[in-house]
Amino acid sequence: MAVTQQMKAAKAAAVELPVDPTQDVAPDGEKASEGSGAREIASLTPMMRQYLEVKALHPDTVLFFRLGDFYEMFFEDAVKASEILQITLTARAKGADKVPMCGIPYHSSRRYIARLIGEGLKVAICEQVEEAGSGPGIVRREVTRVITPGMVLDEEVLEPRDSNFLAAVYWNEKGFGGALLEASTGEFLAMEAGSAAELAESLSRVEPRELLVPAGQRNSAEVAQLCSRLPRVPAVAEGEVAAFEPARAAGYLRSHFAVQSLSAFGLDDAPLATGAAGAALRYLKDTQKTPAAHVDRLSRQERSGSLLMDESSRANLEVLRSQRDGGRKGSLLGVLDRTVTSLGARKLARWLASPLGSLPEIHARLDSVEELSAKSVWREELTGILKEVADLERLTGRLSLGAGNARDLRALGVSLAQLPRLGAALARCQASLLQSLAGPLTALPELANLLARSVVDEPPVALKEGGFIRQGYHAELDRLVELSTSGKDVLLKIEAREKERTGIGSLKIRYNKVFGYYLEVTKSNLHLVPADYIRKQTTVGAERFVTPELKEHEEQVLTAEERRCALELQLFEELRAKVAQAAPRIRSAAEAVATADALLSFARCASEYGYTRPEVDASEVLSITAGRHPVVERMLGAGESFVPNDVRMDPEDAQLLVITGPNMAGKSTVMRQVALTALMAQAGSFVPAKAARIGLCDRIFTRVGAADNLARGQSTFMVEMTETSHILHHATNKSLIILDEIGRGTSTFDGLSIAWAVAEHLHDHVSARTLFATHYHELVDLARERSKVKNLCIAVKEQGGKVIFLRKLIPGGASRSYGIEVAKLAGLPSEVVGRARELLQNLESGELDDAGRPRVAVRPNPKKAAVAAGQLGLFGEPVAPAPTLPASHQKALEVLKSAAINNLTPLDALNLLAKLQRELE
Ligand SMILES: Nc1ncnc2c1ncn2[C@@H]1O[C@H](COP(=O)(O)OP(=O)(O)OP(=O)(O)O)[C@@H](O)[C@H]1O
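Conventions adopted
Residues numbered from 1 in each chain as written. Predicted model: local features only at pLDDT ≥ 70, side-chain atom pairs only at ≥ 80, totals over all residues. Heavy atoms only, no water. Helix = DSSP H or I, 4+ residues; strand = E, 2+ residues; numbered from the N terminus. Buried < 20%, exposed > 50% of the residue type's maximum accessible area, 1.4 Å probe, protein only. Contact = heavy atoms within 4.5 Å. Areas by Shrake-Rupley, 256 points an atom, 1.4 Å probe, with all protein chains shown as cover. Near = heavy atom within 4 Å. Polar contact = N/O pair within 3.5 Å; in protein donor to acceptor, adjacent residues only side chain to side chain. Pairing = 2+ DSSP bridges. Expected span 1.5 Å × (residues − 1). Arc of directions from axis to C-beta. Core = buried A, V, L, I, M, F, W, Y, C linked by side-chain atoms within 4.5 Å. Phe/Tyr/Trp six-rings, centres within 6.5 Å; stacked < 30°, edge-to-face > 60°. Lys NZ or Arg CZ within 6 Å of the ring centre and 35° of its normal. Domains from an automatic or database assignment. Buried area = accessible area lost by both parts, 1.4 Å probe. Salt bridge = Lys/Arg side-chain N within 4 Å of Asp/Glu carboxyl O. Nonpolar A, V, L, I, M, F, W, Y, C, P; charged D, E, K, R; others polar. Axes fitted to C-alpha atoms, helices over the stretch in contact; angles between N-to-C directions. Parallel < 35°, antiparallel > 145°, perpendicular 65-115°, else oblique. Left-handed = near helix turned anticlockwise from the far one by under 90°.

Attention now moves to the overall build of the protein chain. The number of helices and strands found in the protein chain is 31 helices and 26 strands. Relative to its full complement of 921 residues, the protein chain shows a buried share of 52%. Intrachain contacts of the protein chain at a sequence separation of at least 6 include 68% that bridge at least 24 residues. As displayed, the protein chain offers around 40900 Å² of accessible surface, 53% of which is attributable to carbon and sulfur atoms.

Not every one of the 15 residues close to the ligand is listed here, only the nearest: Val 643, Met 664, Lys 667, Ser 668 and Thr 669. Within the contact set of the ligand, an oxygen atom lies 2.8 Å away from a backbone nitrogen or oxygen of Met 664. Here an oxygen atom of the ligand sits 3.2 Å away from a polar atom, N or O, in the side chain of Arg 807. Considered on its own, the ligand offers 630 Å² of accessible surface; in the complex 77% of this is hidden by protein. By residue number, the principal contributor to the shell around the ligand is helix α23 (residues 667-683), which donates three residues.

For the rest of this paragraph, the subject is the pairing of strand β23 (residues 736-740). Most of β23 is tucked away: five of the five residues are buried. Taking every second residue as pointing to the same face, both faces of β23 are buried, with Leu 736, Ile 738 and Asp 740 on one and Ile 737 and Leu 739 on the other. Inspection of the sheet shows strand β22 (residues 700-703) paired to β23 by four bridges, in the parallel sense. Note on β23: the bridge partner recorded for Thr 702 is Ile 738. With five bridges joining them, β23 and strand β24 (residues 769-773) adopt parallel strand pairing. Directly across from Leu 739, in β24, lies its bridge partner Phe 772.

In this section: helix α9 (residues 246-257). In this model, α9 (12 residues) spans 16 Å end to end at C-alpha, consistent with the 16 Å of a helix rising 1.5 Å per residue. Looking only at α9, the buried set comprises Ala 249, Ala 250, Tyr 252, Leu 253, His 256 and Phe 257. Projection of α9 onto a plane perpendicular to its axis shows the buried side chains occupying an angular sector of 165°, all on one side. Projecting away from the buried face of α9 at angles above 90 degrees are the exposed residues Ala 247 and Ser 255.

For Thr 339, the position within the fold is in the loop between α12 (332-336) and α13 (342-353). A distance of 2.5 Å separates polar atoms of two side chains, one belonging to Thr 339 and the other to Asp 337. Aside from chain neighbours lying at most four places away, what touches Thr 339 is Arg 161, Gly 344, Ala 345, Leu 348, Asp 597, Ala 598 and Ser 601.

Now for the nonpolar core. Note that soluble globular proteins tend to have their nonpolar side chains buried in a common cluster. Judged by nonpolar contacts, the single largest core of 115 residues is most densely connected at Leu 336, Leu 352 and Leu 392. Sorting elements by how many residues they give to this core places helix α21 (residues 548-609) first, with 22 residues. In this view, Leu 352 contacts Met 309, Val 319, Leu 320, Leu 332, Leu 333, Leu 336, Phe 602, Leu 679 and Ala 683; residues no more than four positions away in its chain are not counted. Listed in part, the 35 residues of the second largest apolar core include Tyr 170, Phe 265, Leu 272 and Ala 273.

The next point concerns the packing of aromatic side chains. What the rule picks out here adds up to 14 aromatic pairs. With 6.1 Å between their ring centres and 35° between their planes, Tyr 51 and Phe 75 make a pair best called tilted. Taken together, the residues Tyr 51 in helix α3 (residues 46-57) and Phe 75 in helix α4 (residues 75-85) connect sequence positions 24 residues apart. In this structure Tyr 51 comes out as buried when scored by relative accessible area, which is 1%. According to the relative accessible area criterion, Phe 75 is buried, its value standing at 2%. One aromatic cluster is present, built from ring pairs that chain together Tyr 51, Phe 65, Phe 74 and Phe 75. The aromatic ring of Tyr 71 is capped on one face by Arg 66, whose charged end is 5.6 Å from the ring centroid.

Attention now goes to the domain arrangement of the protein chain. Split by domain assignment, the protein chain resolves into domain 1 (43-147), domain 2 (165-300), domain 3 (337-382 + 405-411 + 435-609) and domain 4 (615-816). Relative placement of domain 2 and domain 3: their C-alpha centres are 37 Å apart. Opposite the nine residues of domain 2 that make contact, domain 3 presents six residues. Roughly 560 Å² is buried in total at the junction of domain 2 and domain 3, and carbon and sulfur atoms are behind 40% of that figure. For the domain 2 face of the interface with domain 3, the top three residues by lost area are Arg 205, Asp 296 and Arg 297, together amounting to 58%. The tally of links from domain 2 across to domain 3 stands at two salt bridges. Arg 350 serves as the salt-bridge partner of Glu 187, at 2.6 Å between the closest nitrogen and oxygen. Summed over the shared surface of domain 2 and domain 3, the result is three residue pairs in polar contact (both at pLDDT 80 or more). Across the side of domain 2 that touches domain 3, the residue classes break down as three nonpolar, two polar and four charged.

So, about the sheet that holds strand β16 (residues 542-546). The strand order β13-β14-β16-β15 describes an open sheet built from four strands, whose pairing is antiparallel. For this open sheet the edge positions go to β13 (508-512) and β15 (534-538), each flanked by a neighbour on one side alone. If you compare each strand with its neighbour and ignore which way they point, the axes differ by 40° on average. Each of β13 and β14 (516-522) is contacted by helix α20 (residues 475-502), which is oriented at about 135° to β13, the strand it contacts most. Those strands touched by α21 are β13, β14, β15 and β16, and its axis lies near 140° from that of β14.

Another point: the environment of Ser 415. Mapped onto the fold, Ser 415 is located in helix α17 (residues 406-427). As a C-alpha pair, Ser 415 and Leu 386 span 29 residues in sequence and 8.8 Å in three-dimensional space. Ignoring sequence-local partners within four residues, the contact set of Ser 415 consists of Glu 388, Val 389, Ala 390 and Leu 392. Of note is the side chain of Ser 415, whose polar atom sits 2.8 Å from the backbone nitrogen of Ala 390.

Bringing the pattern of salt bridges into the picture now. Within this structure, the stated rule accounts for 57 salt bridges. Across the pair Glu 573 and Arg 576 runs a salt bridge, and its minimum N-O distance is 2.6 Å. Pair noted here: Glu 573 and Arg 576 are both in helix α21, with a separation of three residues, about one helical turn. The network of salt bridges with common partners includes Arg 497, Glu 498, Arg 501, Asp 532 and Glu 549.

On to the environment of Leu 567. Residue position: Leu 567 is located in helix α21. For the pair Leu 567 and Glu 476, spaced 91 residues apart in the sequence, the C-alpha separation amounts to 8.6 Å. Apart from residues lying up to four places away in sequence, Leu 567 is in contact with His 474, Glu 476, Leu 477 and Leu 480.

This brings us to the packing of α13 against α21. Put simply, α13 and α21 touch, their axes get as near as 8 Å, and they point 70° apart. By the angle between their axes, α13 is roughly perpendicular relative to α21. Viewed along their axes, α13 and α21 form a crossing whose handedness is right-handed. Contacts from Leu 343, Gly 344, Lys 347, Leu 348, Trp 351 and Leu 352 of α13 reach α21 at Ala 590, Glu 591, Val 593, Ala 594, Thr 595, Asp 597, Ala 598, Leu 599, Ser 601 and Phe 602. Taken together, the residues of the contact of α13 with α21 break down into 10 nonpolar, three polar and three charged.

Within the fold, Glu 498 resides in helix α20. By relative accessible area, Glu 498 is classed as buried at 4%. Reaching out from Glu 498, the side chain makes a polar contact with the side chain of Arg 501 at a distance of 2.9 Å. Every residue in contact with Glu 498, bar those within four places of it in the chain, is listed here: Gly 503, Leu 507 and Tyr 533.

Right, here's the structure in full:
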């Protein structure tokens, strides 16, 4: 029977069935036939029916159905999950209709959830919401929350050093609106943009994990455009169309934030951003089943004010991830992230993804880095304190949401206790930014004290059984704890006394839910039982008794225990409310911790990697002395060293640098290092150079390599041209452009023409600082025509027939590409290399064919050529009537004949022969 049919049938009918959940086929074992709805339903247990009802409400999720200590998955969910999670797929049933199922233990569910989320799936958690046996029928179960790639609160599912944003988008003919919401911290941003590309640029800074779009739009052209620019978004979810509707969304946001107008958030004139923000917040509340009290702020994000970069430029420059495997290793972030806290790590990633656009802010960061890099003792001191600070943002988020436990309170308390020390250390600094961080860090002493006094050092994970409130914090709790512990002691005393009184050595005081505490006497000792024992129950080998004294103590012990747990829970809630109240102050402190940690990380890199402070100003100059590539220099093997290079760009005479040089010489490396140096400087970091002057850039554009977007349905050349077109349309005289081998995706002449025209346009109309690497050596001639074009090349030396890469950038154009030498180095078969050399020689002779193309020799088939030559009488009389050749080829024939006579080079003769052969074929 088809699974969906079974599910549909379950929805349609309601029949009481046997209780055993494992028996999900008809009691008689008969196979239900297709379409036999009622019988199919009759074949389900109440549990399976409940499952199917819940699943019908959450069809787009993998449903985790709680059964005892396991989450079980059934039907397609089980098939999918067992494959992804690599767990055994079993079947529950008898007969032919087997229901696929698999399960995972409740206690280790988080890592399984993380894997499913990582695949872009949603997981609905269905829990038992009442005690077993507390009502008639099977226990009630409900979905308590839905975890989606963009909606994660669980510590174990979240990647500590990565942000986890949901991006909601809404658009109409006027433009695009977006909202970014981090469920675990409550961070909430909204923005508007003129196009999908512009919006994607803003969203990409935080690498959102999920895109929320209005229902029915998943496959729209707009979503396709956004997704193609946000390649790291693993999932697209749809939300109710009405939730995006601006007026309704505005009402929803006003009521959530309890404000009259959204003007304080900068959203009163931003209907598209409002629509996206309203839908994002609703999605959070719907999936997490929470009022989302921790989302207590919303801010409008403006594009201006930071250095803009689109996702593909960020990817080309390997800012956050390496292109090799998408990991941090091999990326700029991988090198510069020396942060201690997760807060700092996330902050640093944001700084690199979105460097600053304002000089005072850049200088403030640079001042801080300068001070910290000079004082290693301070760095050590600050690092020591930061090691004690947990993820304040996420802890507060969890606790404010009502999802945290006593361990979170403890971790928060310990962290808060460190903050005044951190504040005091920062207050000693000279740099104004560092000093300004001290204030928020010293603003929470009461909460730190409260948590230190109230929560034990090592609280249990579960709240239900108490045991996490510190002795001395609450008098009534202390009394109850005393009562329940002393009550237990009293029971032990009673047991010892009764053993002695009765002479029954095996007498035991035991407990069960039906009788509470009782005295158990084995059958062989019954004759010793005193008259005041009241018999309660007989079991196989023993009898159970109670006494009035025992019952009185039972009352004390049990009620004290119960009241103690209830009181601890109440105290926990009170503490949690205090944390929620202080959330804005904790967040400011978290922000200060993150900033200090990120600055410290920059300082550590500056001092350990030999970076220098860049001069950043409002000019359009970009001048780097002895610059290095921050990542390549750290990846070189033992014995290798990075060769530093100077690059100077100036609007007067060096605005466009044409860089030529052999393959593998280091063209891409030098261009990327210039872009990364500018980016690092604007992020507030020192740079890998002896000296650097960076005129503030408004954007960095790159067109590097053949980013293969075939998956997006575009050819490599089309992608190249689309990206180039984007650059030509958006670059300004403040931009920095990196163009690597423009035009290489098409034929030589087309490519050269395009490259030339692009360079001319950038020089004449855009005046952006441009680095242009090319293998078209003809472009070197542009410098003769355009005053602001400078030629640079990377030096190589030929020695003993080998090419030695010197990696040094020198003035002038390269004379050769050495592509064949590189191909040889790469291990191409010697036969192929030899043939390539032969062809190259021919091409370089500059001879053109009849169509005006450079002539490429075709290696003749010796046998056919001999026949052709014989037919033409080349070596004497024709052996057969010569074919009539068109006039153009008569000339070739003449040349060939004279070649034979005049002993021209064998290569020329062969070429002519080959040409003739082609004609004859
Ligand atoms: N300045 C340098 N010092 C040391 N090693 C370098 C330097 N520049 C480049 N390299 C090394 O040379 C390798 C090739 O450099 P790169 O990819 O920049 O060459 P390219 O000229 O762009 O080559 P192609 O034209 O084939 O794309 C790099 O991976 C790096 O390991």
